[in-house]
Structure formats: C-alpha cells, structure tokens
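So you can see what is in the structure, the chains are spelled out below.
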Amino acid sequence: MIQKESVISGLTEVASLSIIKTVAIIVTETLTVCEKSGYVRRIGGMTMGALRHSRQRESIKEFLASRTDHPTADMVYVNIRKSYPNISLGTVYRNLSLLESLGEVRKISCGDGAERFDPNIEPHYHFVCKQCGCVQDIPMVPVESLEVMAQEAFEGDIESHTAMFYGVCGQCRKAYPKGTP
C-alpha cells in the first residue's frame, strides 16, 4: 500500500513538474512576444504587465509638457482637477511616481521640502530663486569634465550629476533692486 502511494505521489510530482515547465515555456514565449510588441514594461528589473491607457495620466503628462516652472504635485492636482473633478491627490502622486519610474519625467528636490516635476529628462541644470521660490532651467550644456574630476576623487562609480544654482531670478531682481527689502 505504501509503495502504491509513493508511486502515485511520484507520478503526481512528475506530472506537476511537467505542467510547471510547460507553463514556464508558455509564459516565457508570451513575454517575448509581448516585449517585441511593446506590451510589457520592465521597471527596476521587474517585469510588469502592459500599462493601460489612462486619460488622467496623459493629461498629467500634457500639463507638465506645457509648463516650464517645474510644478509640484499639488500644483498638478489643482490644474488637473479642472478637467477631472473627481481625481484624487493620491492618483496624481501615483501617476507622477509611475511617470518618474518609467523615465518620462524627472523629480527635482530643491531643498524646500516640495518635490517638483520636470518633463525635460535630458541632463540640464536648474536655478532656484531664494526670493520667490521659482525653479527654472538654465540653458547651458552640462559640464561633463565635472564628472571626470569627481570620479578621480571618488572611489566608487559616478554615473551622472545634477546641479542646482541658487540666487535671485530676473523678475525678483527687477521688482526688488539690491538694497531694497
């Protein structure tokens, strides 16, 4: 009786392994086909299913693309609510986070606690006004020799760099000439 159960158990395990291998092959082939057609995205080394089209996410991307002031999530939320009155702040945050993880927007920390979002993902520098808090792109080519110099002084691997410049923007300088409060 024990031998029969062992044999049955062994056959069940073999059958299960065979099914598992078959499923693994099907999944692998499906992922390959989906990757070729662009339906599967990899985020952080993890394969995710196809992203469904989201009008709200597209609106967030369009809003960011139309701005040069690097808005905060709250600014995005206030403006997107005009088109989508039922959208939640959490949905805006989740979509901004997803867009950042997909490499479609860049998150910028300016030191004031509020994260800002930039649709320009190319390497570039930013300026933060100490007077009004605006964040602007600086139209200059990033200095690659800075990375070389840093690499020479650092034991690890340097892959990129960012720089924030702080001061008073042109508008504030006009509104508050030096020496005025």
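Look up a bit, the structure's there.
For clarity, every value in this text was computed on a predicted model and none was experimentally measured.

A. Structural context of a nonpolar patch on the surface. Together, Met140, Val143, Leu146, Met149 and Phe165 line one region of the surface with nonpolar side chains, adding up to about 420 Å² of accessible area. Of note, Val143 is situated in the loop between β6 (135-138) and α5 (144-153). We classify Val143 as partly exposed; its relative accessible area is 36%.

B. Geometry of the packing of aromatic side chains. Tallied over the entire structure, the rule returns one aromatic pair. Note on Tyr125 and Phe165: the rings are 5.9 Å apart at their centroids and 75° apart in plane angle, and the pair reads as edge-to-face. Of this pair, Tyr125 sits in strand β5 (residues 125-129) while Phe165 sits in strand β7 (residues 164-167), placing them 40 residues apart in sequence. Judged by its relative accessible area of 3%, Tyr125 is buried.

C. Focus on the pairing of strand β3 (residues 106-109). Bridge count between β3 and strand β4 (residues 115-118): four bridges; the pairing is antiparallel. The residue of β4 that forms the bridge with Arg106 is Asp118. What sits between β3 and β4 in their antiparallel hairpin is a turn of five residues, with Gly111 showing a positive phi close to 95°.

D. Representation of the pairing of β6 in the model. Here β5 pairs with β6 via four bridges, running antiparallel. Each residue of the ladder has a partner; that of His126, found in β6, is Asp137. Between β5 and β6, which follow one another and run antiparallel, lie five residues, and Gly133 among them has a positive phi close to 85°.

E. Structural detail: the environment of Thr162. In this structure, Thr162 sits in the loop between α5 and β7. For Thr162, a relative accessible area of 66% corresponds to the exposed category. Sequence-wise, Thr162 and His126 are 36 residues apart; in three dimensions their C-alpha atoms are separated by 8.5 Å.

F. Expanded view of the packing of helix α3 (residues 73-80) against helix α4 (residues 89-101). Following both chains from N to C, one finds α3 and α4 inclined at 120°, their axes separated by 9 Å at the closest point. Classified by the angle between their axes, α3 and α4 sit oblique to one another. The interaxial crossing formed by α3 with α4 has right-handed handedness. Of the residues in α4, those in contact with Ala73, Asp74, Val76 and Tyr77 of α3 are Leu89, Val92, Tyr93 and Leu96. Of the residues that constitute the contact of α3 with α4, the class distribution is seven nonpolar, no polar and one charged.

G. Spatial organisation of the nonpolar core. Counting 13 residues, the largest nonpolar core has Ile60, Leu64, Val76, Ile80, Val92, Leu96 and Phe117 as its most contacted members. Mapped onto this core, the elements with two or more residues apiece are α2 (55-65), α3 and α4. Of all the elements, α3 adds the most residues to this core, at four residues. Look past the residues within four positions of Val92 in its chain and what remains in contact with it is Ile60, Ala73, Val76, Tyr77 and Ile87.

H. Just the state of the cysteines, in detail. Following the criterion strictly, the structure yields zero disulfides and no others. With no disulfide of its own, Cys129 lies 3.7 Å from the sulfur of Cys169, the closest cysteine sulfur. Take Cys129: its relative accessible area is 3%, and that puts it in the buried class. This cysteine, Cys132, is not joined by any disulfide, and Cys134 carries the nearest cysteine sulfur, 3.6 Å off. Under the relative-accessibility criterion, Cys132 is labelled partly exposed at 46%.

Reading the values: rules and limits
- Just so you know, the residues in each chain are numbered from 1, in the order the chain's sequence is written.
- Given that the model is predicted, a residue must reach a pLDDT of at least 70 before its local features are reported, and side-chain atom pairs must reach 80 or more before they are shown or counted; all residues, however, enter totals for whole chains, interfaces and linings.
- Only heavy atoms go into the side-chain values, all of them from the structure, while hydrogens and water stay out.
- Only residues whose relative accessible area exceeds 30% and that form no salt bridge enter a patch; like-charged residues are grouped when within 9 Å of one another, and nonpolar side chains (Val, Leu, Ile, Met, Phe, Trp, Tyr) when within 5 Å.
- Only the protein chains shown count as cover for residues, and all accessible areas are computed by the Shrake-Rupley method using a 1.4 Å probe.
- Whenever a carboxyl oxygen of Asp or Glu lies within 4 Å of a side-chain nitrogen of Lys or Arg, that contact is scored as a salt bridge.
- Labels follow the DSSP assignment, with helices taken as runs of H or I lasting at least four residues and strands as runs of E lasting at least two, numbered in each case from the N terminus.
- Note on exposure labels: buried denotes an accessible area under 20% of the residue type's maximum, exposed denotes more than 50%, and partly exposed covers the range between, all computed with a 1.4 Å probe on protein chains only.
- Two rings from Phe, Tyr or Trp (for Trp, the six-membered ring) form a pair when their centres sit within 6.5 Å of each other. Planes less than 30 degrees apart are called stacked, planes more than 60 degrees apart edge-to-face, and all others tilted.
- Pairing between two strands requires that DSSP report at least two bridges joining them.
- Comment: axis = line fitted to C-alpha atoms, over the contacting stretch for helices; angle = value between 0 and 180 degrees taken between N-to-C directions.
- Put simply, angles under 35 degrees are roughly parallel, angles over 145 are roughly antiparallel, angles from 65 to 115 are roughly perpendicular, and the rest are oblique.
- Definitions for this section: a left-handed crossing has its near helix turned counterclockwise from the far helix by less than a right angle. A right-handed crossing has that turn clockwise.
- Residue contacts are counted whenever heavy atoms from the two residues lie within 4.5 Å of one another.
- Nonpolar residues are Ala, Val, Leu, Ile, Met, Phe, Trp, Tyr, Cys and Pro. Charged residues are Asp, Glu, Lys and Arg, and all others, Gly as well, are polar.
- The definition of a nonpolar core used throughout is a set of buried Ala, Val, Leu, Ile, Met, Phe, Trp, Tyr and Cys residues joined through side-chain atoms within 4.5 Å.
- The disulfide definition used here is simple: a pair of cysteine sulfur atoms within 2.5 Å.

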